[in-house]
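Spelled out, the chains give:
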Amino acid sequence: MTAWMVYDREGCERNAGYVAMYERNCRSYGVAVKTVLDVDVRRRVTAGERPVCAFVRTIRPELNLFFEQQEIPVFNSSLVSRICNHKGKTLERLKDLVFCVPSITISGEQLPYVLGLGFLQVRSWFKDRFEYSA
């Protein structure tokens, strides 16, 4: 049995130690872990390769959906991948499912991610409004 760890090229290089940990731990269960690049997934499955499951370790919800359509167990589901990698979508999804959702306003102002600001603008927005000491 083989499980796939799906990465983009940069993530594959950056997370070699993480993959090695999975390889070691899964071996005791009789599962071989193979690293597969995200760009190769469709070709390999179409050619007849079928992992026992896939761990999609890159933000590509369409890959998670592809595995689901092929009836290959995937971690995480395409729904989780699609919404949980976007704070706004996560908040929207959870607002009716939980008792308490953190406020997205402070003194009537919307938080910066809602306004679509860049990283430096967000950092400046928080710095101007809150005290911080290391």
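Here the structure is a predicted model, which is why all the values come from computation and not from measurement.

Trainee: What am I meant to see in unusual backbone geometry here?
Mentor: Among all residues except glycine, the phi angle is most often negative; among peptide bonds, the trans geometry is most common. The omega torsion across Phe-75 and Asn-76 is 0 degrees, close enough to zero to call that bond cis. Topologically, Asn-76 is positioned in the loop between β4 (74-75) and α5 (78-84).

Trainee: Would you mind going over the nonpolar core with me for this structure?
Mentor: Side chains that are nonpolar tend, in soluble globular proteins, to be buried together. Within the largest apolar cluster, 12 residues are counted, these being Trp-4, Val-6, Val-36, Val-41, Val-45, Ala-54, Val-56, Leu-63, Phe-66, Phe-67, Ile-72 and Val-74. Only β1 (2-7), α3 (41-46), β3 (53-56) and α4 (61-69) provide two or more residues apiece to this core. Considering every element that reaches this core, the biggest residue donor is α4, with three residues. Counting nine residues, the second-largest nonpolar core is a separate cluster that includes Ala-3, Met-5, Cys-26 and Cys-53.

Trainee: Help me understand the packing of aromatic side chains in this model?
Mentor: For any two aromatic rings, the description comes down to two numbers: the centre-to-centre distance and the angle of the planes. Evaluation of the coordinates by the stated rule reveals five aromatic pairs. Among the aromatic residues, ring-to-ring pairing joins Tyr-18, Tyr-22, Phe-55 and Phe-75 into one connected group. One residue, Arg-44, lies across the ring of Trp-4, its end atom 5.5 Å from the ring centre.

Trainee: I keep staring at the pattern of salt bridges and nothing clicks. Help me out?
Mentor: If charged atoms from side chains of opposite charge come close, those side chains can pair. Counted by the stated rule, this structure contains four salt bridges. Close ionic contact of Asp-38 with Arg-60 constitutes a salt bridge, the shortest N to O distance being 2.8 Å. Taken together, the residues Asp-38 in the loop between β2 (32-37) and α3 and Arg-60 in the loop between β3 and α4 connect sequence positions 22 residues apart. Looking at Arg-60, the relative accessible area reads 24%, which means it is partly exposed.

Thresholds applied
- Residues numbered from 1 in each chain as written.
- Predicted model: local features only at pLDDT ≥ 70, side-chain atom pairs only at ≥ 80, totals over all residues.
- Heavy atoms only, no water.
- Helix = DSSP H or I, 4+ residues; strand = E, 2+ residues; numbered from the N terminus.
- Core = buried A, V, L, I, M, F, W, Y, C linked by side-chain atoms within 4.5 Å.
- Buried < 20%, exposed > 50% of the residue type's maximum accessible area, 1.4 Å probe, protein only.
- Phe/Tyr/Trp six-rings, centres within 6.5 Å; stacked < 30°, edge-to-face > 60°.
- Lys NZ or Arg CZ within 6 Å of the ring centre and 35° of its normal.
- Salt bridge = Lys/Arg side-chain N within 4 Å of Asp/Glu carboxyl O.

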